[in-house]
Amino acid sequence: AFIFAIQEYQPASFYFLDEVDAALDKINSEMLSKQIAKYSKNAQYIVISHNDAVISEAELVYGVSMQQDGVSKVISLKI
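Residues numbered from 1 in each chain as written. Predicted model: local features only at pLDDT ≥ 70, side-chain atom pairs only at ≥ 80, totals over all residues. Heavy atoms only, no water.

**Overview of helix H2 (residues 26-39)**
To be explicit about the condition: Each helix is a run of DSSP H or I of at least 4 residues and each strand a run of E of at least 2, with the numbering of both proceeding from the N terminus. Take the number of residues in a helix, subtract one, and multiply by 1.5 Å to get its expected span. Each residue gets one of three labels from its accessible area relative to the maximum for its type: buried under 20%, exposed over 50%, partly exposed in between, using a 1.4 Å probe on protein chains only. Here the arc refers to the set of directions running from the helix axis out to each C-beta atom. Any two residues having at least one pair of non-hydrogen atoms within 4.5 Å are treated as being in contact.
Its 14 residues place the ends of H2 20 Å apart at the C-alpha level, agreeing with the 20 Å of an ideal helix rising 1.5 Å per residue. What H2 keeps buried is the set Ser29, Leu32, Ser33, Ile36 and Tyr39. Taken around the axis of H2, the buried residues stretch over an arc of 130°, which confines them to a single face. Every exposed residue of H2 that faces more than 90 degrees away from the buried side is listed here: Ile27 and Lys34. Residues of H2 that are buried in the fold lie against helix H1 (2-9), strand S1 (14-18), strand S2 (44-48) and helix H3 (52-55).

Following this line, the structure appears as structure tokens:
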């Protein structure tokens, strides 16, 4: 709520959120993802998350995984 209150007071065009959903349960994660979707009409969001409820609301998802040879592999998915 605090993040969105700041956005209402002094909006920016870009937001970077790093695991803001880590302590949330599934219902609150879904509510957060819907709020981000609503506010993303006026700003760009980059959200780092492991939570499927948040990821499922995204328009574009990037995933990074470690391969056996120690090299990271980046994949993208447009939803």
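Now that the structure has been shown, we can carry on.
**Comments concerning the packing of H1 against H2**
As a reminder, the rule being used: To get an axis, a line is fitted to the C-alpha atoms, and for a helix only the part in contact is used. The angle between two axes follows their N-to-C directions and goes from 0 to 180 degrees. Angular relationships are summarised with four words: roughly parallel below 35 degrees, roughly antiparallel beyond 145, roughly perpendicular across 65 to 115, and oblique for the angles in between. Left-handed describes a crossing in which the near helix is turned anticlockwise from the far one by less than a right angle; the clockwise case is right-handed. Residues are sorted three ways: Asp, Glu, Lys and Arg are charged, Ala, Val, Leu, Ile, Met, Phe, Trp, Tyr, Cys and Pro are nonpolar, and all the rest, Gly among them, are polar.
The contact between H1 and H2 brings their axes to 11 Å, and the two run at 15°. Judged by the angle between their axes, H1 and H2 are roughly parallel. Judged by the sense of rotation from one axis to the other, the crossing of H1 with H2 is left-handed. Two secondary-structure elements touch here, H1 through Phe4, Gln7 and Glu8 and H2 through Leu32, Gln35, Ile36 and Tyr39. Along the lines of polarity and charge, the residues of the contact of H1 with H2 split into 4 nonpolar, 2 polar and 1 charged.

**Digging into the side chain of serine 49**
What counts here: Within 3.5 Å is the distance limit for a polar contact, defined as a pair of N or O atoms, with the added protein rule that one can donate a hydrogen and the other accept it, and that residues adjacent in sequence qualify only through two side-chain atoms.
Residue position: serine 49 is located in the loop between S2 and H3. The exposure class assigned to serine 49 is buried, which follows from its relative accessible area of 16%. Reaching out from serine 49, the side chain makes a polar contact with the side chain of aspartate 21 at a distance of 2.6 Å. A polar contact of 2.9 Å, which involves the side chain of serine 49, links it to the backbone nitrogen of asparagine 51.

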